[in-house]
Amino acid sequence: MDTETIRKLIESGLPGAQAQVEGADGVHFEATVVAEAFRGKLPLARHRMVYATLGDLMGGAIHALALKTVTPDGK
């Protein structure tokens, strides 16, 4: 798995989102996701939205994903 594939999956699954993904070892990743869709949602709900874009890759090809999820205004 690579960071560009994860970024594309997140951005296509959350229209309007912008994702920055890092991870040098190919199984542990960190992502910052900015999306208007996160507005009014608690962190757990935001993380579930991101995980849904990755489907079965979570726990498989993606062993771990640390997330920072914010709205465009940084909240």
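Before reading on, note that the structure itself is shown above.
Residues numbered from 1 in each chain as written. Predicted model: local features only at pLDDT ≥ 70, side-chain atom pairs only at ≥ 80, totals over all residues. Heavy atoms only, no water.

Engineer: Explain the pairing of strand E1 (residues 18-22) to me, using residue names and the numbers behind them.
Structural biologist: The alternating pattern of E1 places Ala19 and Val21 on a buried face and Gln18, Gln20 and Glu22 on a face that is not buried. Here E1 pairs with strand E2 (residues 28-34) via five bridges, running antiparallel. Within the sheet, the bridge partner assigned to glutamine 20 lies in E2 and is threonine 32. From the end of E1 to the start of E2, which pair antiparallel, there are five residues, and glycine 26 there has a positive phi angle of about 85°. (Buried < 20%, exposed > 50% of the residue type's maximum accessible area, 1.4 Å probe, protein only. Helix = DSSP H or I, 4+ residues; strand = E, 2+ residues; numbered from the N terminus. Pairing = 2+ DSSP bridges.)

Engineer: Account for the nonpolar core, naming residues and giving values.
Structural biologist: Formed by 16 residues in total, the largest nonpolar core has its most connected members in Ile6, Ile10, Leu14, Val33, Val50 and Leu65. Of all the secondary-structure elements, those providing two or more residues to this core are helix H1 (3-13), E1, E2, helix H2 (43-54) and strand E3 (64-70). By residue number, the principal contributor to this core is E2, which donates three residues. Apart from the residues lying within four places of it in its own chain, the contact partners of valine 50 are Ile10, Leu14, Val33, Phe38, Leu65, Leu67 and Thr69. (Core = buried A, V, L, I, M, F, W, Y, C linked by side-chain atoms within 4.5 Å. Contact = heavy atoms within 4.5 Å.)

Engineer: Would you mind going over the pattern of salt bridges in detail, with residue names and values included?
Structural biologist: Taken as a whole and judged by the stated rule, the model has four salt bridges. In this structure, the salt-bridge partner of arginine 7 is glutamate 4, at a minimum N-O distance of 2.4 Å. A residue pair is termed a helical-turn pair when its members lie 3 or 4 positions apart in one helix, as arginine 7 and glutamate 4 do in helix H1 at three residues. The closest approach of N and O atoms between arginine 39 and glutamate 36, which form a salt bridge, is 2.5 Å. The partly exposed category is assigned to glutamate 36, whose relative accessible area is 43%. Bridged by salt links that share partners, the residues Glu4, Arg7 and Glu11 form one connected network. (Salt bridge = Lys/Arg side-chain N within 4 Å of Asp/Glu carboxyl O.)

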